[in-house]
Amino acid sequence: MSKSIVPSKKIMSKLGKTNAEFELIEEGDKILVGLSGGKDSLTMIHAMKEQQRRAPFKFEFIAVTISYGMGENYDELARHCKEYDIPYEIVDTQTYELAKDKIRKNSSFCSFFSRMRRGYLYTAALERGCNKVALGHHMDDAAESFFMNFIYNGQMRSLAPKYKAENSLIIIRPLIQMRERQLRAFVDDNELNAIGDEACPAMRFDVKMPHARASTKEMLRDMEKEYPQLFTSLNAAFKNISYDSFFDKEKFSI
Ligand SMILES: Nc1ncnc2c1ncn2[C@@H]1O[C@H](COP(=O)(O)OP(=O)(O)OP(=O)(O)O)[C@@H](O)[C@H]1O
């Protein structure tokens, strides 16, 4: 039998519930799991491995890292996946070279990395015959994304647990109802070597965390101190949307 690290009961139960609620992982799925090597995706591969062992249905997954051509070294991550019998591949790209100009101008390099990465992940999934792509976003990401869109973009949107991309791949976020601190505890408790916690890969090069994200994180931290139930309530609110109560012109033609 292969070696395994079993995530806590809380993590596994949240994963099972989210899975059932949004029908994320299903019989016969072949899932490409985006593995940055950070705490979130590292937790995700171990939780999915355990899920594979427990679930009454069969699914396959393969972990894939998109390398940006910044001289990253994923040997340790590859060794880790091998040790735990998790199929793993690295896709080499020249994203950093292409992003240099944006980084120099300190302009929207984060969204550039993320757009490029998404494209490479989708291509990798299609090339490997996968029908789904799993990303390690969690509830804190969903909350940040919601408030950033609200404050800076005048939009009400967050991160969906599941959606269909243009190319018919299904994107799933199995950790979306978990808190970031639960995932950090998993890697700390198991003494796993998670790769940095940068909000964007370019930050390894002395570029500051984008202001909007940093201040939204801080705002949420302060709000949670004041209202400890904030995230539970947000999670409920994301499932309880009163469309009719907003300023949608379409609704006026009653
Ligand atoms: N270089 C990469 N290669 C493959 N997948 C990636 C890569 N970077 C991010 N991802 C995927 O996208 C998700 C969101 O990435 P993002 O950088 O926003 O999150 P993060 O909070 O840093 O997560 P993590 O702790 O997993 O790095 C990750 O959890 C992972 O599933």
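Look up: the structure comes first, before these words.
Read on for an overview of the structure. If you're wondering where the values come from, they're calculated on a predicted model, not measured in any experiment. (Residues numbered from 1 in each chain as written. Predicted model: local features only at pLDDT ≥ 70, side-chain atom pairs only at ≥ 80, totals over all residues. Heavy atoms only, no water.)

Observations concerning the overall build of the chain
Next, step 1: Per the secondary structure count, the chain includes nine helices and six strands.
Next, step 2: Its C-alpha radius of gyration of 19 Å places the chain within 12% of the 18 Å reference for a compact globule of 254 residues.
Next, step 3: With the principal axes as the frame, the chain shows a C-alpha extent of 60 × 50 × 40 Å.
Next, step 4: Put simply, the chain has 254 residues, and 44% of those count as buried.
Next, step 5: Within the chain, residue pairs in contact and separated by at least 24 positions form 75% of the contacts whose partners lie at least 6 positions apart.
Next, step 6: Element-wise, carbon and sulfur atoms account for 51% of the exposed surface of the chain, whose accessible area totals about 14,500 Å².
Next, step 7: In the chain, the 38 positive side-chain charges and the 36 negative ones have mean positions that sit 1 Å from each other. (Helix = DSSP H or I, 4+ residues; strand = E, 2+ residues; numbered from the N terminus. Rg over C-alpha atoms; globule rule 2.2 N^0.38 Å. Buried < 20%, exposed > 50% of the residue type's maximum accessible area, 1.4 Å probe, protein only. Contact = heavy atoms within 4.5 Å. Areas by Shrake-Rupley, 256 points an atom, 1.4 Å probe, with all protein chains shown as cover. Lys, Arg positive; Asp, Glu negative; His and termini not counted. Charge placed at Lys NZ, Arg CZ, Asp CG, Glu CD.)

Remarks on the site of the ligand
Next, step 1: Around the ligand, 18 residues are found, and the nearest of them are Gly34, Ser36, Asp40, Ser41 and Ile66.
Next, step 2: Measuring from an oxygen atom of the ligand, one finds a backbone N or O atom of Gly136 at 3.0 Å.
Next, step 3: Contact with the protein chains hides 89% of the accessible area of the ligand, taken as 580 Å² for the molecule alone.
Next, step 4: Secondary structure elements with two or more residues in the shell around the ligand: helix H2 (39-54), strand S2 (60-67) and helix H5 (109-127).
Next, step 5: Looking at the shell around the ligand, its residues break down into seven nonpolar, seven polar and four charged. (Near = heavy atom within 4 Å. Polar contact = N/O pair within 3.5 Å; in protein donor to acceptor, adjacent residues only side chain to side chain. Nonpolar A, V, L, I, M, F, W, Y, C, P; charged D, E, K, R; others polar.)

A few points about the side chain of Lys39
Next, step 1: Mapped onto the elements, Lys39 comes out in helix H2.
Next, step 2: For Lys39, a relative accessible area of 5% gives the class buried.
Next, step 3: There is a polar contact of 3.0 Å between the side chain of Lys39 and the side chain of Asp40.
Next, step 4: A polar contact of 3.0 Å, which involves the side chain of Lys39, links it to the side chain of Glu180.

Some details on the side chain of Thr65
Next, step 1: The topology assignment puts Thr65 in strand S2.
Next, step 2: On the basis of relative accessible area, Thr65 is assigned to the buried category, the value being 1%.
Next, step 3: For Thr65, the side chain forms a polar contact with the main-chain oxygen of Leu35, separated by 2.6 Å.
Next, step 4: Ignoring sequence-local partners within four residues, the contact set of Thr65 consists of Leu35, Tyr74, Leu77, Tyr88, Glu89, Ile90 and Val91.

Concerning helix H6 (residues 139-152)
Next, step 1: Given a rise of 1.5 Å per residue, 14 residues ought to cover 20 Å, and the 20 Å separating the end C-alpha atoms of H6 matches this to within 8%.
Next, step 2: Inspection of H6 places Met139, Asp140, Asp141, Ala142, Ala143, Glu144, Ser145, Phe146, Phe147, Met148 and Asn149 among the buried residues, and these make up the whole buried set.
Next, step 3: Close packing links the buried residues of H6 with helix H7 (180-189), helix H8 (211-226) and helix H9 (230-237).
Next, step 4: A positive backbone phi angle near 60° is found at Gly154, which sits one or two residues after H6. (Expected span 1.5 Å × (residues − 1).)

Let's talk about the layout of surface pockets
Next, step 1: Put simply, the second largest pocket is a space of about 590 Å³.
Next, step 2: If you list the elements that add at least two residues to the lining of the second largest pocket, you get H6 and H9.
Next, step 3: Ranked by residue count, the leading element in the lining of the second largest pocket is H6, at four residues.
Next, step 4: Its residues assigned to classes, the lining of the second largest pocket comprises 16 nonpolar, three polar and four charged. (1 Å grid on protein atoms, 1.4 Å probe; cavity = no way out; pocket = protein on both sides within 12 Å on 5 of 7 lines; lining within 4 Å. Points joined across faces, edges and corners; volume = space filled by probe spheres on them.)

A look at the nonpolar core
Next, step 1: Ranked by internal contacts, the top residues of the largest apolar core, which has 32 residues, are Ile31, Val33, Leu35, Ile45, Met48 and Phe61.
Next, step 2: Going through the elements one at a time, helix H1 (9-22), strand S1 (30-34), H2, S2, helix H3 (75-83), strand S6 (170-172) and H7 are the ones with two or more residues in this core.
Next, step 3: Ranked by residues supplied to this core, first place goes to H2 with five residues.
Next, step 4: Not counting the four nearest positions on each side in its chain, Val33 is found in contact with Met44, Ile45, Met48, Phe61, Ile62, Ala63, Val64 and Ala134. (Core = buried A, V, L, I, M, F, W, Y, C linked by side-chain atoms within 4.5 Å.)

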